Amino acid sequence: MAGILLVEDDPSVRTALELALSRQGHSVTAFTTGEEALNHIRARRPEIAILDVMLPGIDGVEVCRRIRRFDQLPVILLTARGDDLDVVVGLEAGADDYVIKPVEPRVLDARIRAVLRRAESASSDRIAFGDLVIDRGALKVTRAGREIHLTPTELRLLLELVRHPGQVLNRRHLLRVVWDHSHIADSRLVDACVQRVRAKIEPVPAEPVFIHTVRGFGYRFSPP
(Lines give C-alpha, C1' and ligand atoms only; values in the text may rest on other atoms or scores of the structure.)
Protein backbone atom coordinates (compact mmCIF):
# COMPACT_ATOMS: atom_id res chain seq x y z
CA MET A 1 0.00 0.00 0.00
CA ALA A 2 1.29 3.43 -0.92
CA GLY A 3 0.39 6.87 0.37
CA ILE A 4 -0.62 8.68 -2.82
CA LEU A 5 -1.20 12.37 -3.45
CA LEU A 6 -3.59 12.73 -6.41
CA VAL A 7 -4.09 16.15 -7.99
CA GLU A 8 -6.87 16.26 -10.60
CA ASP A 9 -9.36 19.08 -11.14
CA ASP A 10 -11.93 17.03 -13.11
CA PRO A 11 -14.27 15.68 -10.40
CA SER A 12 -15.36 12.60 -12.35
CA VAL A 13 -11.77 11.57 -13.17
CA ARG A 14 -10.59 12.35 -9.65
CA THR A 15 -13.34 10.30 -8.01
CA ALA A 16 -12.85 7.35 -10.37
CA LEU A 17 -9.08 7.23 -9.84
CA GLU A 18 -9.38 7.71 -6.10
CA LEU A 19 -11.84 4.80 -5.89
CA ALA A 20 -9.81 2.54 -8.19
CA LEU A 21 -6.50 3.17 -6.41
CA SER A 22 -8.15 2.67 -3.02
CA ARG A 23 -9.43 -0.70 -4.23
CA GLN A 24 -5.82 -1.59 -5.11
CA GLY A 25 -4.93 -1.03 -1.46
CA HIS A 26 -3.48 2.47 -1.69
CA SER A 27 -4.20 5.36 0.65
CA VAL A 28 -5.22 8.31 -1.53
CA THR A 29 -5.39 11.99 -0.65
CA ALA A 30 -6.91 14.04 -3.47
CA PHE A 31 -6.76 17.76 -4.28
CA THR A 32 -7.91 19.92 -7.16
CA THR A 33 -5.13 22.53 -7.32
CA GLY A 34 -1.37 22.66 -7.35
CA GLU A 35 -1.31 25.13 -4.48
CA GLU A 36 -3.15 22.68 -2.21
CA ALA A 37 -0.80 19.89 -3.27
CA LEU A 38 2.36 21.83 -2.47
CA ASN A 39 1.06 22.83 0.97
CA HIS A 40 0.13 19.22 1.71
CA ILE A 41 3.52 17.85 0.64
CA ARG A 42 5.32 20.22 2.98
CA ALA A 43 3.00 19.37 5.88
CA ARG A 44 2.57 15.64 5.31
CA ARG A 45 4.82 14.10 2.67
CA PRO A 46 3.20 11.29 0.63
CA GLU A 47 5.10 8.41 -0.94
CA ILE A 48 4.27 9.49 -4.49
CA ALA A 49 2.47 12.33 -6.27
CA ILE A 50 0.22 11.92 -9.32
CA LEU A 51 -0.31 15.25 -11.06
CA ASP A 52 -2.63 16.14 -13.90
CA VAL A 53 -0.75 18.41 -16.29
CA MET A 54 -3.74 20.69 -16.98
CA LEU A 55 -4.53 22.12 -13.56
CA PRO A 56 -6.08 25.53 -12.83
CA GLY A 57 -3.60 28.09 -11.50
CA ILE A 58 -0.27 26.29 -11.12
CA ASP A 59 -0.23 23.49 -13.70
CA GLY A 60 1.11 20.01 -13.04
CA VAL A 61 4.47 20.61 -14.68
CA GLU A 62 5.10 23.69 -12.56
CA VAL A 63 4.02 21.78 -9.43
CA CYS A 64 6.60 19.11 -10.31
CA ARG A 65 9.25 21.75 -10.89
CA ARG A 66 8.55 23.33 -7.49
CA ILE A 67 8.59 19.95 -5.74
CA ARG A 68 12.07 19.33 -7.16
CA ARG A 69 13.33 22.49 -5.47
CA PHE A 70 12.92 20.90 -2.03
CA ASP A 71 12.18 17.18 -2.42
CA GLN A 72 12.96 14.13 -4.58
CA LEU A 73 9.41 12.81 -4.15
CA PRO A 74 8.45 10.39 -6.97
CA VAL A 75 6.11 12.09 -9.47
CA ILE A 76 3.88 10.69 -12.22
CA LEU A 77 2.18 13.06 -14.67
CA LEU A 78 -1.25 12.52 -16.25
CA THR A 79 -1.29 13.96 -19.75
CA ALA A 80 -3.76 14.10 -22.64
CA ARG A 81 -3.14 11.79 -25.59
CA GLY A 82 -0.96 13.42 -28.22
CA ASP A 83 0.37 16.19 -25.98
CA ASP A 84 4.01 15.33 -26.66
CA LEU A 85 5.20 18.78 -25.61
CA ASP A 86 3.62 18.33 -22.17
CA VAL A 87 5.40 15.00 -21.79
CA VAL A 88 8.81 16.37 -22.77
CA VAL A 89 8.49 19.48 -20.61
CA GLY A 90 7.22 17.41 -17.69
CA LEU A 91 10.11 14.94 -17.89
CA GLU A 92 12.59 17.79 -18.10
CA ALA A 93 10.97 19.28 -14.99
CA GLY A 94 11.83 16.09 -13.10
CA ALA A 95 8.81 13.79 -13.46
CA ASP A 96 9.64 10.10 -13.06
CA ASP A 97 6.99 8.81 -15.46
CA TYR A 98 3.78 9.73 -17.25
CA VAL A 99 0.45 8.09 -18.08
CA ILE A 100 -1.74 9.14 -21.00
CA LYS A 101 -5.42 9.92 -20.47
CA PRO A 102 -7.94 8.38 -20.43
CA VAL A 103 -6.24 6.58 -17.58
CA GLU A 104 -6.59 2.83 -17.22
CA PRO A 105 -6.45 2.28 -13.41
CA ARG A 106 -4.53 -0.99 -13.71
CA VAL A 107 -1.88 0.70 -15.86
CA LEU A 108 -1.58 3.57 -13.40
CA ASP A 109 -1.29 1.14 -10.49
CA ALA A 110 1.48 -0.74 -12.31
CA ARG A 111 3.35 2.49 -13.00
CA ILE A 112 2.99 3.56 -9.35
CA ARG A 113 4.41 0.27 -8.10
CA ALA A 114 7.26 0.40 -10.61
CA VAL A 115 8.24 3.95 -9.61
CA LEU A 116 8.10 3.04 -5.92
CA ARG A 117 10.27 -0.04 -6.50
CA ARG A 118 12.86 2.21 -8.08
CA ALA A 119 12.68 4.51 -5.07
CA GLU A 120 13.21 1.62 -2.66
CA SER A 121 15.89 -0.31 -4.56
CA ALA A 122 19.32 -0.37 -3.00
CA SER A 123 22.60 -2.21 -3.17
CA SER A 124 25.45 -2.49 -0.69
CA ASP A 125 28.66 -1.07 -2.11
CA ARG A 126 30.42 2.20 -2.74
CA ILE A 127 32.08 3.08 -6.04
CA ALA A 128 34.35 6.02 -6.82
CA PHE A 129 35.13 7.46 -10.25
CA GLY A 130 37.56 10.23 -9.49
CA ASP A 131 35.67 12.76 -7.37
CA LEU A 132 32.30 11.19 -8.26
CA VAL A 133 31.30 8.74 -5.51
CA ILE A 134 28.23 6.51 -5.66
CA ASP A 135 27.16 4.90 -2.38
CA ARG A 136 24.61 2.25 -3.32
CA GLY A 137 23.82 1.28 0.25
CA ALA A 138 23.03 4.85 1.29
CA LEU A 139 21.58 5.69 -2.16
CA LYS A 140 23.80 8.74 -2.15
CA VAL A 141 25.90 10.37 -4.86
CA THR A 142 28.58 12.97 -4.18
CA ARG A 143 31.04 14.88 -6.32
CA ALA A 144 34.06 16.55 -4.75
CA GLY A 145 32.49 15.83 -1.36
CA ARG A 146 29.21 17.60 -2.11
CA GLU A 147 25.99 15.61 -2.24
CA ILE A 148 24.15 15.48 -5.57
CA HIS A 149 20.40 15.17 -5.16
CA LEU A 150 18.94 12.67 -7.64
CA THR A 151 15.36 11.50 -7.95
CA PRO A 152 14.77 7.75 -7.49
CA THR A 153 14.47 7.29 -11.25
CA GLU A 154 17.61 9.30 -11.96
CA LEU A 155 19.52 7.25 -9.37
CA ARG A 156 18.21 3.96 -10.77
CA LEU A 157 19.30 5.00 -14.28
CA LEU A 158 22.76 5.99 -13.09
CA LEU A 159 23.17 2.75 -11.13
CA GLU A 160 22.18 0.67 -14.16
CA LEU A 161 24.72 2.46 -16.35
CA VAL A 162 27.40 2.10 -13.67
CA ARG A 163 26.75 -1.65 -13.43
CA HIS A 164 27.90 -1.98 -17.05
CA PRO A 165 30.91 0.35 -17.42
CA GLY A 166 32.11 0.68 -20.98
CA GLN A 167 29.07 -1.12 -22.38
CA VAL A 168 26.44 0.48 -24.60
CA LEU A 169 22.95 0.07 -23.13
CA ASN A 170 20.15 0.67 -25.59
CA ARG A 171 16.99 2.55 -24.72
CA ARG A 172 14.81 -0.56 -24.76
CA HIS A 173 17.02 -2.19 -22.12
CA LEU A 174 16.94 0.92 -19.93
CA LEU A 175 13.16 1.24 -20.30
CA ARG A 176 12.73 -2.36 -19.20
CA VAL A 177 15.13 -2.24 -16.25
CA VAL A 178 14.61 1.30 -14.96
CA TRP A 179 10.98 2.01 -15.87
CA ASP A 180 9.54 -1.50 -16.33
CA HIS A 181 8.38 -0.38 -19.79
CA SER A 182 8.76 -2.22 -23.05
CA HIS A 183 7.49 0.20 -25.71
CA ILE A 184 10.22 2.00 -27.61
CA ALA A 185 7.78 4.92 -28.01
CA ASP A 186 8.63 5.74 -24.41
CA SER A 187 12.30 6.29 -25.30
CA ARG A 188 11.99 10.00 -24.49
CA LEU A 189 11.77 8.95 -20.83
CA VAL A 190 15.35 7.73 -21.17
CA ASP A 191 16.65 10.74 -23.08
CA ALA A 192 15.11 13.27 -20.70
CA CYS A 193 16.36 11.41 -17.63
CA VAL A 194 19.90 11.16 -19.05
CA GLN A 195 19.87 14.92 -19.65
CA ARG A 196 18.85 15.55 -16.04
CA VAL A 197 21.51 13.20 -14.66
CA ARG A 198 24.19 14.79 -16.82
CA ALA A 199 23.16 18.24 -15.60
CA LYS A 200 23.79 17.04 -12.04
CA ILE A 201 26.91 14.85 -12.26
CA GLU A 202 28.89 16.13 -15.23
CA PRO A 203 31.41 18.96 -14.69
CA VAL A 204 30.29 20.37 -18.06
CA PRO A 205 26.95 18.78 -19.06
CA ALA A 206 27.34 19.81 -22.72
CA GLU A 207 30.65 17.92 -22.81
CA PRO A 208 29.93 14.74 -20.81
CA VAL A 209 32.81 12.69 -19.47
CA PHE A 210 30.75 10.05 -17.64
CA ILE A 211 27.61 9.31 -19.67
CA HIS A 212 28.26 9.19 -23.41
CA THR A 213 25.71 9.02 -26.22
CA VAL A 214 26.29 6.35 -28.84
CA ARG A 215 24.14 7.62 -31.69
CA GLY A 216 21.67 5.12 -33.02
CA PHE A 217 22.24 2.75 -30.10
CA GLY A 218 21.97 4.24 -26.62
CA TYR A 219 24.24 5.32 -23.75
CA ARG A 220 27.54 4.21 -22.26
CA PHE A 221 29.02 4.98 -18.85
CA SER A 222 32.75 5.50 -19.47
CA PRO A 223 34.42 7.40 -16.62
CA PRO A 224 37.64 9.26 -17.48
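These lines cover the structure that appears in this document, whether it is placed above or below. (Residues numbered from 1 in each chain as written. Predicted model: local features only at pLDDT ≥ 70, side-chain atom pairs only at ≥ 80, totals over all residues. Heavy atoms only, no water.)

Within the chain one finds eight helices and twelve strands. Since a compact globule built from 224 residues should have a radius of gyration of about 17 Å, the 17 Å found for the chain is in line with a globular shape. Expressed along its principal axes, the backbone C-alpha trace of the chain runs to roughly 55 × 35 × 30 Å. Residue burial in the chain is summarised as follows: out of 224 residues, 50% are buried. The contacts of the chain with a sequence gap of at least 6 include a subset with a gap of at least 24, amounting to 55%. Accessible area for the chain stands at about 10,600 Å²; split by element, carbon and sulfur atoms hold 50% of it. With 32 positive and 31 negative side-chain charges, the chain shows a separation of 4 Å between the mean positions of the two kinds. (Helix = DSSP H or I, 4+ residues; strand = E, 2+ residues; numbered from the N terminus. Rg over C-alpha atoms; globule rule 2.2 N^0.38 Å. Buried < 20%, exposed > 50% of the residue type's maximum accessible area, 1.4 Å probe, protein only. Contact = heavy atoms within 4.5 Å. Areas by Shrake-Rupley, 256 points an atom, 1.4 Å probe, with all protein chains shown as cover. Lys, Arg positive; Asp, Glu negative; His and termini not counted. Charge placed at Lys NZ, Arg CZ, Asp CG, Glu CD.)

All right, on to the layout of surface pockets then. In this structure, the second largest pocket encloses a volume near 190 Å³. Looking at the lining of the second largest pocket, the elements that each hand over two or more residues are α5 (105–120), β8 (140–143), β9 (146–148) and α6 (152–162). Here the lining of the second largest pocket is built from residues that sort into seven nonpolar, four polar and three charged. (1 Å grid on protein atoms, 1.4 Å probe; cavity = no way out; pocket = protein on both sides within 12 Å on 5 of 7 lines; lining within 4 Å. Points joined across faces, edges and corners; volume = space filled by probe spheres on them. Nonpolar A, V, L, I, M, F, W, Y, C, P; charged D, E, K, R; others polar.)

The parallel open sheet is built from five strands, whose spatial order is β2-β1-β3-β4-β5. Edge positions in the open sheet fall to β2 (27–31) and β5 (97–101), since each of these has one partner strand only. For this sheet the average axis-to-axis angle between neighbouring strands, irrespective of direction, equals 20°. Of the strand pairs in this sheet, strand β1 (residues 3–7) and β2 are connected by five bridges, and their pairing is parallel. Bridge assignment links leucine 5 to a residue of β2, and that residue is threonine 29. Most of the contacts of helix α3 (residues 60–67) go to strand β3 (residues 48–52), to which it runs at about 150°, and overall it touches β3 and β4 (75–80). (Pairing = 2+ DSSP bridges. Axes fitted to C-alpha atoms, helices over the stretch in contact; angles between N-to-C directions.)

Turning our eyes to something else, we now look at helix α7 (residues 171–179). The set of residues buried in α7 consists of His173, Leu174, Leu175, Val178 and Trp179. Its side-chain oxygen at 3.2 Å from the backbone nitrogen of arginine 172, asparagine 170 defines the N-terminal cap of α7. Two residues or fewer after α7 comes aspartate 180, characterised by a positive phi angle close to 60°. (Polar contact = N/O pair within 3.5 Å; in protein donor to acceptor, adjacent residues only side chain to side chain.)

Turning our attention to the packing of α6 against helix α8 (residues 187–201). Running from amino to carboxyl end, α6 crosses α8 at an angle of 85°, the nearest separation of the two axes being 10 Å. On the basis of the axis angle, α6 is roughly perpendicular to α8. In this structure, α6 contributes Thr153, Glu154, Leu157 and Leu158 to the contact, and α8 contributes Cys193, Val194, Arg196, Val197, Lys200 and Ile201. Residue classes in the contact of α6 with α8 are distributed as six nonpolar, one polar and three charged. (Parallel < 35°, antiparallel > 145°, perpendicular 65-115°, else oblique.)

Looking only at helix α4 (residues 84–92), the buried set comprises Asp86, Val87, Gly90 and Leu91. Down the axis of α4, the sector holding all buried residues measures 125°, keeping them to one side. The secondary structure elements touched by the buried residues of α4 are α3, β4, β5 and α8. The first or second residue beyond α4 is glycine 94, which carries a positive phi of 115°. (Arc of directions from axis to C-beta.)

Strand order in the open sheet formed by four strands is β6-β7-β8-β9, and the pairing between neighbours is antiparallel. The strands lining the two open edges of the sheet, one partner per strand, are β6 (126–129) and β9. Looking at each pair of strands side by side, their axes are set apart by 25° on average, direction ignored. One ladder, built from four bridges, connects β6 with strand β7 (residues 132–135); its direction is antiparallel. Among the inter-strand pairings, alanine 128 is bridged to a residue of β7, identified as valine 133. Against the sheet, α6 makes contact with β6, β7 and β8, and its axis sits at roughly 105° relative to β7, the strand it touches most.

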